[in-house]
Structures are given as structure tokens and as C-alpha cells.
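# Summary of the model geometry
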Amino acid sequence: QSVLTQPPSVSAAPGQKVTISCSGSSSNIGNNYLSWYLLLPGRAPKLLIYENNKRSSGVPDRFSASKSGTSATLAITGLQTGDEADYYCGTWDNSLRTVVFGGGTKLTVL
Amino acid sequence: EVELVESGGGLVQPGGSLRLSCVGSGFTFRIYSMNWVRQAPGKGLEWISYISSSGDTIYYADSVRGRFTISRDNAKNSVYLQMNSLRAEDTALYFCVRERVPQSAWFDPWGQGILVTVSS
């Protein structure tokens, strides 16, 4: 059971838009910056978004993110088959004194 | 190029020990906090441990506290994870990660990962 809650899977057609949610509490998302990561099989995780909505170097502007209260959303527009991967949100938890991740969301581009 | 390279993984029996090492290059290692994160087969990311830039602040996940010890040697641009009393559930790909801002989960870059397998 992850501290941050993400949908297990999302899907959309090529060219469409998809959103991935990440829900937490005041001890984590509500009072700390959030990051988003992309995981491809057999490869090291890649930082997509940091400080809630800032794209990491080299990340295309098809990727965007926002945060409101204790929830956050990653949006991907103009979906490509290469976007198929697992996506994770992560942040610091002030109460647990640990980093917490969501359970991950598998994106399928139909 | 900023790079992290892990080593020291392998197959170990339950109850055994391993020491993971991670060497950083291409950046001023001593000013960054470092973390270990793992991914068990078919599972999600699990944060394991944090060490501040000076090494004076350390945190662990409950799942490894008392069994794993994180340390660093800034003179060698290295961070370590001593893993004792290993269990089957510790089998995972272990990543060394640089944290851009302390206690932020802003992890960049990630090492390529090192596999630890705990099995008899």
C-alpha cells in the first residue's frame, strides 16, 4: 500500500491526451514539492518533472504537471507509442521522514 | 557528464550480507545528498535510505532500518549501502540517486541499477 495513490493504469490512442493523478496528504504533497518519473523496462528511471511543474532538461513540452492541495496531475499530450511506460510520482513526507512514491501507473498507447 | 555507477550486487543467501557502492562523477559530489531506491521484480519504486551531503543526517525506510546502513566518503565521491540480514524480499534492482535539493525526492540522475538477489 503506497502512501501516494496513483491509478494502476491509463490508456489512450496515439495523438490523444492522457492524465495521471497522484493523491496524498498534507504531510507530503500538501506541503512539499512533487516529482514525476518515467520507468522503461531495463532502464534507469528518468526524471520528467520536478518542483511540481518544471520539466527536466530534454523533456518535451508534451509533458506537463500541476499540483493543487494534496493532489497532483501529470498530463501527456500528443501521445506516442514511445510514451508507453510506467510513471511514478514522489515527494518527501514530513511525518514519516521518508521519501514516498506512488504505486506507479502503466500507460498504454492503444 | 553527470554519472552514477553502482557496484557490489549479486546473489546472496538469506541472512547474508552485501555492500553496494556508488561512485559519482561529473559533479561536485560533496554538496549533494544521496539516496538509495530499489525496485523489486514486478513491483514499484521503494525508497530505502537518505544521507545528507555531510553524512550527519540519515534516514531509513522501516523495511530496512536496523539491517541496512548508508554511508559516504566524499573524498572518494562514493556512497555505500551495507546490507545485513538479507531476506528474500530484499531481492531487487537497487538504484543510487543524487538528490538535487535535500529531502525533496528531486532525484537526478539515477544510476543504471545493480541487481541484488537473495536466494538459497
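For the structure itself, look to the data block above.
The text that follows walks through the structure, step by step, so that each part is easy to find.

What counts as what
- Residues numbered from 1 in each chain as written.
- Chains lettered and ligands numbered in written order.
- Predicted model: local features only at pLDDT ≥ 70, side-chain atom pairs only at ≥ 80, totals over all residues.
- Heavy atoms only, no water.
- Phe/Tyr/Trp six-rings, centres within 6.5 Å; stacked < 30°, edge-to-face > 60°.
- Buried < 20%, exposed > 50% of the residue type's maximum accessible area, 1.4 Å probe, protein only.
- Lys NZ or Arg CZ within 6 Å of the ring centre and 35° of its normal.
- Pairing = 2+ DSSP bridges.
- Helix = DSSP H or I, 4+ residues; strand = E, 2+ residues; numbered from the N terminus.
- Contact = heavy atoms within 4.5 Å.
- Buried area = accessible area lost by both parts, 1.4 Å probe.
- Salt bridge = Lys/Arg side-chain N within 4 Å of Asp/Glu carboxyl O.
- Polar contact = N/O pair within 3.5 Å; in protein donor to acceptor, adjacent residues only side chain to side chain.
- Nonpolar A, V, L, I, M, F, W, Y, C, P; charged D, E, K, R; others polar.
- Core = buried A, V, L, I, M, F, W, Y, C linked by side-chain atoms within 4.5 Å.
- 1 Å grid on protein atoms, 1.4 Å probe; cavity = no way out; pocket = protein on both sides within 12 Å on 5 of 7 lines; lining within 4 Å.
- Points joined across faces, edges and corners; volume = space filled by probe spheres on them.

### Considering the packing of aromatic side chains
- Applying the stated rule across the entire model yields twelve aromatic pairs over all chains.
- Aromatic pair F107 of chain B and W110 of chain B: ring centres 5.9 Å apart, planes at 85 degrees, arrangement edge-to-face. The two residues F107 of chain B and W110 of chain B agree in class, both being buried.
- One aromatic cluster in this structure is built from Y37 and F101 of chain A together with F95, F107 and W110 of chain B.
- Residue placement shows R19 of chain B over the ring face of Y80 of chain B; its charged tip is 3.9 Å from the ring centre.
- Across the ring face of F27 of chain B, the terminal group of R98 of chain B is positioned such that the distance to the ring centre comes to 4.8 Å.

### Regarding the pairing of strand β6 (residues 63–68) of chain A
Residues and elements named next belong to chain A.
- Here β6 pairs with strand β7 (residues 71–76) via six bridges, running antiparallel. Residue S64 lies in a different strand from β7, and its bridge partner there is A75.
- Linkage of β6 to β7, two consecutive antiparallel strands, is achieved through a turn of two residues, within which G69 is found at a positive phi near 60 degrees.

### Considering the interface of chain B and chain A
- Contacts between the two partners involve 20 residues from chain B and, on the opposite side, 17 residues from chain A.
- Regarding the contact of chain B and chain A, the summed buried area is about 1,700 Å², with carbon and sulfur atoms giving 68% of it.
- Sorting the residues of chain B by area buried against chain A places L45, W47 and W106 of chain B first, and these three jointly supply 35% of that buried surface.
- The interface formed by chain B and chain A includes zero salt bridges.
- Connecting chain B to chain A are four residue pairs in polar contact (both at pLDDT 80 or more).
- If you list the elements that add at least two residues to the side of chain B that touches chain A, you get β4 (33–39), β5 (45–51), β6 (58–60) and β10 (107–110) of chain B.
- Taken together, the residues of the side of chain B that touches chain A break down into ten nonpolar, seven polar and three charged.

### Here we look at the nonpolar core
- In this structure, L20, W36, F68, V79, L81, M83 and Y94 of chain B are the most contacted members of the largest nonpolar core, which totals 26 residues.
- Secondary structure elements with two or more residues in this core: β3 (18–25), β4, β5, β7 (68–73), β8 (78–83), β9 (92–99) and β11 (114–118) of chain B.
- Residues contacting F68 of chain B, with those up to four places away along its chain left out, are R38, I48, Y60, L81, Q82, M83, N84, L86, D90 and Y94 of chain B.
- If you look at the next biggest cluster of nonpolar residues, it comprises 25 residues, including L48, A72, A85 and L107 of chain A.

### Notes on the layout of surface pockets
- The space that makes up the largest pocket amounts to roughly 460 Å³.
- Contributing to the lining of the largest pocket are 22 residues, with V3, V99 and V100 of chain A together with E46 and W47 of chain B lying nearest its centre.
- Sorting the residues of the lining of the largest pocket by element identifies β9 (98–101) of chain A together with β5 of chain B as the ones contributing at least two each.
- With four residues, the single largest contributor to the lining of the largest pocket is β9 of chain A.
- Among the residues making up the lining of the largest pocket, the classes are represented as nine nonpolar, seven polar and six charged.
- Here the second largest pocket is characterised by a volume of approximately 390 Å³.
- If you go around the second largest pocket, you meet 20 residues; those closest to its centre are R43, A44, P45 and K46 of chain A together with W110 of chain B.
- Sorting the residues of the lining of the second largest pocket by element identifies β4 (46–50) of chain A together with β1 (3–7) and β10 of chain B as the ones contributing at least two each.
- Of the residues contributing to the lining of the second largest pocket, the split by class is twelve nonpolar, two polar and six charged.

### Here's the deal with the pattern of salt bridges
All names here are of chain B.
- Considering all chains together, one arrives at seven salt bridges over all chains under this definition.
- E46 is paired through a salt bridge with R38; the nearest N and O atoms lie 2.7 Å apart.
- A salt bridge links D90 to R38, with the shortest nitrogen-to-oxygen separation between them at 2.9 Å. Of this pair, D90 sits in the loop between β8 and β9 while R38 is found in strand β4, placing the two residues 52 residues apart along the sequence.
- Bridged by salt links that share partners, the residues R38, E46, R67 and D90 form one connected network.

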